[in-house]
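Here is what each chain is made of, one letter per residue.
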Amino acid sequence: MEFSRRKFLVGSAATVGGVALADHLRFLQPASVSAATPESVITGTETIYRTGHSNNCDGACGHMIHVVDGRVTEIGPAHWGTKTVSGAAAPTFHPRICLRGLSQIANTYSPNRIKYPYRRVGERGSGKWQRITWEEATTLIATNFKQVQEKYGKKAVWIAPYTGSLALIEGVVGAGFRLASVIGASAGDSEGDNEGDSATPAGWNYVLVDPDNPANGGGFFTGHESVDFLSAKAIVFWANNVAETSIPDWRIMLDARDANGTQLISVDPRFTPTSAASDAWLPIRPGSDTALIDGIMNYVFLHKLYDADYIRRYTVGPYLVDPTSKRWLRANDVLPGAANDFVVYDETDATLKAASDPSLTSAAILGTYQVGNLRAGTALQALADMVSKYTPEYTEHLTDIPKAQIVSLAKTWGTVKPLAVRVGFGLSHWYHGDLHMQALLTLQAITGNIGEHGGGVTTFAGGLTTTAFDLFNWWNPTGTPYAVLEPMDFCDAVLKDDPYPVRAAWFMIDNFAQQMSDRNQVVKAMKALDFCVVSDYNLSATADIADLVLPACTYIEKTDLLSSNNFYLQYMPKIIEPLFESKSDLDAIRLVAQKMGVGRYFTETPETYLKQILHLGKSDADPTVRGLTWEQLTTEAVHLNTDPMPYVPFFNKQFPTKSGKIEFYVEMLVPFGQELCEHQEPIEASPTNTLFKKYPLVFLSTHTRFRTHSQFVTLPWLNEINNGGDGFLEINPKDATRRNISDGDVVRVFNDRGDMKVRARLTEAIKPGVVNCYQGGWDTIKVKSYIEGHPNNLTHQFAKPAQALIPNFPSNAAYYDCLAQVELVRE
Amino acid sequence: MTDEKTKYVPHHVMVVDTNRCVGCWTCAVGCKEINNEPLGFWWNRILTTAPNQSTTAAPPASENIDVPRGVFPDLELAYLPVACQHCNDAPCVKVCPVQATYRRDDGAVLIDYERCIGCRYCMAACPYGVRIFNWGDAEYAPGGIVGYGKNYYDDGRLVFTPERPKGVVEKCTFCVERIDVGEEPFCVEVCPIGARVFGDLNDADSEVSQLINEGGAVQLHPELGTDPNVYYVPVRKRVVRES
Amino acid sequence: MAINTVSLPDAAEGKVAKSVGVQIWYALLALIGVIGFAAWIYELDHGLAATGMRDVVSWGMYIFTFAFFIGLSAGGLIMASSAEVFGIKALKPLARLGVLSAASCVAVAALMIIPDLGQPTRILNLVRHPNWSSPLLWDVLIITVYFIFSVVDLSVLQVHAVEPTRLRRTMRLLAYIGLPTAVLLHSVTAWIFGLQISRTWWNTSLMAPLFVVSAILSGTALVTLLALAAERWGHFNLPNDTREWLRKFVAMALLIDLFFVACDYITIFWGNVPADRSALNLVLPGGPYSWLFWGEWLVGGLVPLAFLMVPRLRRVSGSLGIATFLVLIGVYAFRIELVIVGFVNPLTQFPPGNALGTYNATASSFQLVGKYTPSLVEYAITLGLCALFAAIFTTGYRRLHLADGKMIRDPLGSASLTRDEGPPTSDDNSVRDTTLATKP
Ligand SMILES: Nc1nc2c(c(=O)[nH]1)N[C@H]1C(S)=C(S)[C@@H](COP(=O)(O)OP(=O)(O)OC[C@H]3O[C@@H](n4cnc5c(=O)[nH]c(N)nc54)[C@H](O)[C@@H]3O)O[C@H]1N2
Ligand SMILES: Nc1nc2c(c(=O)[nH]1)N[C@H]1C(S)=C(S)[C@@H](COP(=O)(O)OP(=O)(O)OC[C@H]3O[C@@H](n4cnc5c(=O)[nH]c(N)nc54)[C@H](O)[C@@H]3O)O[C@H]1N2
Ligand code: SF4
Ligand code: SF4
Ligand code: SF4
Ligand code: SF4
Ligand code: SF4
Ligand SMILES: [Mo]
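Caption draft 1: Looking closely at the packing of aromatic side chains. Evaluation of the coordinates by the stated rule reveals 66 aromatic pairs over all chains. When the ring of B:Tyr148 is compared with that of B:Phe160, the centres are 5.9 Å apart and the planes differ by 70 degrees; the resulting orientation is edge-to-face. On the criterion of sequence distance, the pair formed by B:Tyr148 in the loop between β8 (132-133) and β9 (152-154) and B:Phe160 in strand β10 (residues 157-160) is long-range, its members being 12 residues apart. The buried category is assigned to B:Phe160, whose relative accessible area is 0%. Ring centres 6.2 Å apart and planes at 20 degrees place the aromatic pair C:Phe389 and C:Phe393 in the stacked group. Residue C:Phe389 and its partner C:Phe393 are both found in helix α15 (residues 376-399); the two are separated by four residues, about one turn of the helix. One aromatic cluster is present, built from ring pairs that chain together A:Trp204, A:Phe220, A:Phe221, A:Phe425, A:Phe650, A:Phe655 and A:Phe809. The ring centre of B:Tyr148 lies 4.9 Å from the NZ or CZ of B:Lys150, which sits over that ring.

Caption draft 2: Highlighting the domain arrangement of chain A. All names here are of chain A. Along its sequence, chain A is carved into domain 1 (226-459 + 653-671) and domain 2 (690-824). Between domain 1 and domain 2, the residue contacts involve 23 residues of the former and 27 residues of the latter. Of all residues in domain 1, the largest losses of buried area upon contact with domain 2 belong to Arg270, His429 and Tyr431, amounting jointly to 37% of the total for that side. At the surface where domain 1 touches domain 2, the tally comes to four salt bridges. When the shortest N-O distance is used, the salt bridge between Arg270 and Glu730 registers 3.2 Å. Here domain 1 and domain 2 share 13 residue pairs in polar contact (both at pLDDT 80 or more) between them. Those elements that place two or more of their residues in the side of domain 1 that touches domain 2 are α7 (242-245) and α16 (433-446). Grouping the constituent residues of the side of domain 1 that touches domain 2 by class yields 12 nonpolar, six polar and five charged.

Caption draft 3: Inspection of the site of ligand 7 at higher detail. In the vicinity of ligand 7, the contacting residues are B:Met14, B:Cys31, B:Asn35, B:Trp43, B:Asn44, B:Ala83, B:Cys172, B:Thr173, B:Phe174, B:Cys175, B:Pro185 and B:Cys187. Its residues placed into classes, the shell around ligand 7 shows nine nonpolar, three polar and no charged.

Caption draft 4: Spatial organisation of the sheet that holds strand β16 (residues 419-423) of chain A. Residues and elements named next belong to chain A. Strands sit in the order β10-β9-β8-β16-β17 across an open sheet of five strands; the sheet is parallel. The open sheet has two edge strands with one neighbour each: β10 (280-282) and β17 (457-458). The pairing of strand β9 (residues 263-267) with β10 spans three bridges and is classified as parallel. The partner of Ile265 across the bridge, within β10, is Ala280.

Caption draft 5: Main features of the interface of chain B and chain C. Facing 59 residues of chain B, the contacting portion of chain C comprises 56 residues. With both chains or domains summed, chain B and chain C bury close to 4,500 Å², and 59% of this area falls on carbon and sulfur atoms. When the buried surface of chain B facing chain C is broken down by residue, B:Ile117, B:Tyr121 and B:Trp135 rank first, second and third, together holding 18% of it. Our enumeration of links across chain B and chain C arrives at one salt bridge.

Caption draft 6: Focus on the site of ligand 4. Residues in contact with ligand 4 amount to 14 residues; listed here are only the nearest, B:Cys21, B:Cys24, B:Trp25, B:Cys27 and B:Cys191. In terms of residue class, the shell around ligand 4 is made up of 11 nonpolar, two polar and one charged.

Caption draft 7: Inspection of the interface of chain A and chain B at higher detail. With 71 residues of chain A in contact, the opposing surface of chain B contributes 59 residues. Taken together, both faces of the contact between chain A and chain B bury some 5,400 Å²; the carbon and sulfur share is 59%. Contact with chain B buries area across many residues of chain A, yet A:Trp717, A:Ile721 and A:Glu764 alone supply 12% of it, more than any other trio. Where chain A touches chain B, the interface holds five salt bridges. Measuring nitrogen to oxygen at the nearest pair gives 3.1 Å for the salt bridge that ties A:Asp258 to B:Arg20.

Scoring rules and cut-offs
Residues numbered from 1 in each chain as written. Chains lettered and ligands numbered in written order. Predicted model: local features only at pLDDT ≥ 70, side-chain atom pairs only at ≥ 80, totals over all residues. Heavy atoms only, no water. Phe/Tyr/Trp six-rings, centres within 6.5 Å; stacked < 30°, edge-to-face > 60°. Helix = DSSP H or I, 4+ residues; strand = E, 2+ residues; numbered from the N terminus. Buried < 20%, exposed > 50% of the residue type's maximum accessible area, 1.4 Å probe, protein only. Lys NZ or Arg CZ within 6 Å of the ring centre and 35° of its normal. Domains from an automatic or database assignment. Contact = heavy atoms within 4.5 Å. Buried area = accessible area lost by both parts, 1.4 Å probe. Salt bridge = Lys/Arg side-chain N within 4 Å of Asp/Glu carboxyl O. Polar contact = N/O pair within 3.5 Å; in protein donor to acceptor, adjacent residues only side chain to side chain. Nonpolar A, V, L, I, M, F, W, Y, C, P; charged D, E, K, R; others polar. Near = heavy atom within 4 Å. Pairing = 2+ DSSP bridges.

Okay, structure coming up:
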């Protein structure tokens, strides 16, 4: 349909050349509907393309895109390849799509799209723009970047390409890093841990990965292939609203239930569609998850429901701990002539031995033994001792879950095998998210559920695909890596030159000014920048405060590869020409790079880069993609070579830890008192906090199925079913009545950091004492999803020091670890 | 619909498994896309209810979607996707004064957009609230016509056109333009949970037959005798642990 | 038509046309009519989006006014026929007035449907592709029959009035056909609603009797009002026994009508079926539509009953007029309530409800419980058609010389019914405003 396009092109002609005031810029104004179109039927030949949906949702679905006369007319779900790269049979995987994927037509043709490069003409954030050419825009960027780098050092330019897209070249691991590296700039980290998704991965690495080993690349994160859940006998959705945040995966859970009678259990303070469809729901007090896990473990120990054999073989359970230093007893310290090894107690001959002693027959997993003048217990004993206070009563006290339910879940955990855990990143949005993950892995380890089909702890299962790529050379063509500046460090870098000054930034696939926590601080820092560029196809809150906005392409308009959260490589061909003057992020970077004198690193087409990154046709390609051909890649979604199939991490029980075992006793966390997963109260959202008196409600800002973060927010199809696009605050009638709040009233949600206004929605689906306002709605100059403000006005940026041990997941925004008060606003 | 050689007429039915449906609205948005439904039009919509709730029972807990019944923590929530039920004894067919709404031999109830006089009697008569009237000039999501995009005639009668004329009534067509060429209705194709099944009830081995004959699938408002061709598998009682 | 064969005194006509009051009256009606017509043109251009109807409440003012007019059309014909069939002499003076009102009402009722159609140009599809199972089709049929019948009846009465010896048998015959036709008209119209299993509020077998009673009630009330008006402005003579009979008859009809409505309420109460109760709750005091309840039971029920039956109130000047006017309001309230509450309370009532069929970027596209406010266009068109009714009636009244003393005589040639019968009662408007009088 040429209609809206023509209309907007005409609209723009008037402003070419002249300084335009905001009022003239119709193309920037959100208009959510167009009038009835003149055409009445679609004519012309239809071409259908397969692509992957890369827009920051781990569903990682495949789309079939129907195109007539260069216009997308239909989007539907795509089939998956039935073979692996090497030709073995891949598991059955159903076509998948969701309401947001279907709405991508409307997103691509949205009148909200940024159509041309613009330069700010008013105050920063005043919404006044002047259209400029790409030539002018890229010259401005290059000049400003060079100036800033000269004045404040190379790293003073920050390239922030985050998870708005999960594609390879233009997404979470995209070309922005390559630019940063060749101009010596700093960049955000790349592990998909932008903002709030790195606490649980850090916890995962504590237990399963040695971050100091270069082979582990600073830490990684993966999980079970989603179809592996078909083998589970029980699946626990821990802070995971699968039925909304990974809708197509819910089918697999139900298939498991239908096939094996698998029990589905949801642990969530909210009665979500996932909880409602589960067999059991445990409405936990937010942030008390580790206490529940400790309570389960206590029951498992008391009833001897742990898997002794598994613990002995695959975990550090039998290793003795020095009771004074809390560190491992080393064999060379306590056993004459022994090597630097762990110490175990052999039950068969009642002697202490080095773990690798060939005479060892059966290492004791529990017990305390005399070692010299020390009474040293096994790591498992330390764990059992630690959890012993988590009786059902005490656990109920901490978690608000009735003890019968705790016991029942513990019984299930100890007796049903395999048991799988699906953890949501919701659990990662806590200061102690790392601890929660550490605790879950500990529980899964003692019940023998790690590295087994139908077991494990899974949040995200795309880790392997990143190893399939040679990211190092893609990012650092000169061999010199870019400097990492974490999102959590951005404000200090700009406002306090800590750790070094940052004065210019390029946000390209990220809505930092809205999605990052402690937004008031973030906006302050952004406004303090000397120069700020935003590439986006929407006039986001971040673009609102830029000096320059560049029109970006949607996933349909450029070539890329998607490989997120499943084990398929999905080639993303350029299906339609970029609309208006939009350009792919790679092309934008190329133009800037040329002007900064590093154009030689950006001469290739995306296809060529893909081939390079995959080492296509080379013998040194990663085993998961070895033998892949271009034809294979571009004709179907091909499954990686994985072992086993479906993929299970550590199926061979080779753990990349220092000990080679599951380290539920984490020696490196001794300085933090977190070597064992003992419950700790949330940093803020706890009744033990003195702030609690003033702000007695835990403020969650979770994800809704009607948008993906701040994407698809202005699309009328979705808004029609999402309360007309208006955000709302879920509040329990008990809490509402106390505050004289009725359904639909305007309320103010506030704490010391900021506030927002929104309408209240009374629902029993949320635990009393907890409120929730779906994140992602817009608070831009033109579009207000909430009456005023945004949930991130209230959230904070407290980083947990322990996490810094894991280079790739060093800090995390604990969005949900937040207290607030709610009051009625008289209208 | 009819195989020319054999003159075989299938009996088309759809079954929605409410054990599976998580109320994601994908089928509704898919329906909107394939049929180029204007803004404000939803041929298919997902009702928030409780498991196996009688459709004429007590008023809902809230006018908002996703709000469960009950008091924390004893809650119940289920979803009921409702589009035209394609009633075999359809009140809408009975009342349409000009036979613009008619039942096809395979069970699909269709509207002849060229004959409808826009009296809306069918809307008054439909117990399921699935018909939508073209009150004025429609507004569409920007981007032009989407979905099937062509006119479709059933036996010479215009039963689908991408932009419906003003003043006629419209509703789910069972995706006749797709099922007549052996494709599934789009809502069935897109449902990410596999909660929707379409097929031939004449064929005892078909999945729909099994879901209806053994799976206990039921019709909405069976007491009305409308005999819909859309069935719902009720929510089986789940193993609820002691609390 | 038959009236053309009857010679009418032309002097009267000349005078009629010259009256300033009448000209103002016609000008007013024309103005309202033109506004209504313009509104219809607007509606044709914008579609029914110009109305306040949307998908949950998809019938509105046109339909309840249609049903109201159908009901109104009952009175005259039933009176005229009853006078004949049951020999109620007191009704005889009202026969022509009544039938004239019936014909005008049914014509306007039929026209009322046109602006309600989305595709009015396809109306002939009713003839080309009739669906005999549709109550609507039958209603169209019976309306047509009823209209033709009323016109014929009126002609016959007119001829008879001028020449009392002519067409007496035909008149009698028509009277016997008239009653069942009227009953049928109201029953079929009732069945448009009453047969629908989709709306518990409608789906009662009491609907047809209720329609018949409320039609008789409102129709009689209308004829009474028209007669009173004619008496006031048109030198019509309403004899006292007629007045008394009307008073009693309207009271009785009102009681039966309320009784029927109460029967439905009791059935719903006792059964306590949620879907029925939720509809009734909308109407009962406390519900959003309780104003209709009060309109029906108080304004159109108890108050007129008091005016009709309580001796002290009966004596209030104009009590009959007040009572019948209030009765009309009550019956109109009942029509609104019937149609709107039926829609407002859909059978399947889970959030988010039904799609509305129109888009508003800032509001939900769904409605769980229907809402309806008629638009100005609907008011204009409806009022325009009411003006049309007034114009038809006035013209008919004048052209047929219903107030012409010469012609008011007993069609059966019995007792003479002149205005000098008995002393005037207190509510007899003996002091008349003569500004609009057509004759001294
Ligand atoms: N309060 C609160 N805040 C949260 C969360 C929460 O739960 N609560 N969740 C956090 C989490 S888990 C995440 S992952 C983050 C997500 O935060 P972000 O990644 O910042 O959010 P998105 O809205 O997904 O995408 C950002 C922008 O990328 C643009 N975009 C998409 N594709 C492309 C492309 O190909 N090129 C370019 N140039 N731009 C593109 C989109 O238009 C959008 O404006 O939000 C975090 N923020
Ligand atoms: N529709 C949709 N899908 C998405 C996204 C989206 O924005 N929209 N974003 C994608 C991205 S980037 C991410 S990170 C994922 C997030 O996916 P999820 O982690 O599933 O989503 P969340 O909404 O953050 O949190 C899940 C649940 O955790 C619960 N919860 C909050 N605090 C606690 C707690 O302390 N303990 C427990 N047990 N539960 C708690 C919340 O009530 C919520 O229901 O979703 C991805 N998929
Ligand atoms: S938004 Fe997520 S679930 Fe939906 S189609 Fe895209 S990848 Fe799939
Ligand atoms: S797409 Fe499937 S799961 Fe989603 S609402 Fe529709 S039927 Fe239910
Ligand atoms: S559901 Fe309604 S529209 Fe569909 S066939 Fe039945 S009565 Fe007709
Ligand atoms: S609106 Fe159209 S389809 Fe419905 S009853 Fe009237 S003529 Fe028939
Ligand atoms: S069958 Fe087709 S028209 Fe009917 S609801 Fe499904 S997608 Fe919509
Ligand atoms: Mo995320």
